[in-house]
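# Remarks on the overall topology
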Amino acid sequence: MPKRTGPVLVVDDDEAVRDSLKFALELEGLQVRLYAGAAQLLRDVALPTDGCLLVDYRMPDMDGLELVARLRARDVALPAILITGRLSGDLGRLAADAGFRRVVEKPFEDGSLLEGIHEALALQTGGRIGLRKTP
């Protein structure tokens with residue numbers, strides 16, 4: 001059974017965060033695609049049908065919750081993880097309500113981010129989760 005599938009789509013307006021995540025995730029053998037913000041991801045006409053989203057909460061063009069809501073409205077059902085510089089109880093609840101699988105606080109020190117990514121990717125090994133095709 002494959003351990004992982006699809007790329008990790010990292011959406012964060014901070015270039016240093018994007019680059020460090022790319023480096024760390026590629027060391028783990030993961031494919032990574034970087035996006036400088038929500039608008040850039042939404043313009044991508046070649047989104048993968050599997051993989052997972054790693055989305056920053058605070059971005060200038062829109063927050064991570066709104067980005068995932070827009071993706072869901074377009075039938076993009078990739079599992080999503082929200083990353084944030086400051087986690088509050090309200091944000092955790094809002095993220096869960098929006099369908100995020102996990103919320104991870106920066107800096108990523110305890111392994112929960114990588115664990116969440118592997119869990120999200122493992123969802124796709126049995127059945128396909130991703131872009132739902134409209135009849």
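Let us look at the structure shown here. Every residue gets a number counted from 1 within its own chain, in the order that chain's sequence is written. It should be noted that, the model being predicted, local features are given only for residues of pLDDT at least 70 and side-chain atom pairs only at 80 or more, the latter also being counted only at that level, while totals for whole chains, interfaces and linings use all residues. With hydrogens and water stripped out, all remaining heavy atoms of the structure feed into the side-chain values.

## Re the environment of Leu-30
Of note, Leu-30 is situated in the loop between helix H1 (15-27) and strand S2 (32-35). The classification of residues rests on relative accessible area computed with a 1.4 Å probe and restricted to protein chains. Under 20% of the type maximum is buried, over 50% is exposed, and intermediate values are partly exposed. Under the relative-accessibility criterion, Leu-30 is labelled buried at 5%. A sequence separation of 22 residues divides Leu-30 from Val-8, and the C-alpha atoms of the two residues are 7.2 Å apart. Numbering goes from the N terminus for both helices and strands, where a helix is a DSSP run of H or I of at least four residues and a strand is a run of E of at least two.

## A closer look at the sheet that holds strand S5 (residues 102-105)
The pairing criterion for strands is at least two bridges between them, as found by DSSP. Within the open sheet, the 5 strands sit side by side as S2-S1-S3-S4-S5. Their pairing is parallel. Edge positions in the sheet fall to S2 and S5, since each has one partner strand and no second. Each neighbouring strand pair of the sheet contributes to a mean axis angle of 20°, computed without reference to strand direction. Relative to strand S3 (residues 52-56), strand S1 (residues 8-11) runs parallel, the two sharing 4 bridges. Bridging across to S3, Val-8 finds its partner in Cys-52. Contacts were defined at the residue level, with two residues in contact if any of their heavy atoms lie within 4.5 Å. Each axis is a line fitted through C-alpha atoms, and for a helix only the stretch in contact is used; angles between axes span 0 to 180 degrees, taken between their N-to-C directions. Packed on one face of the sheet, H1 meets S1, S2, S3 and strand S4 (80-84) and runs near 175° to S2.

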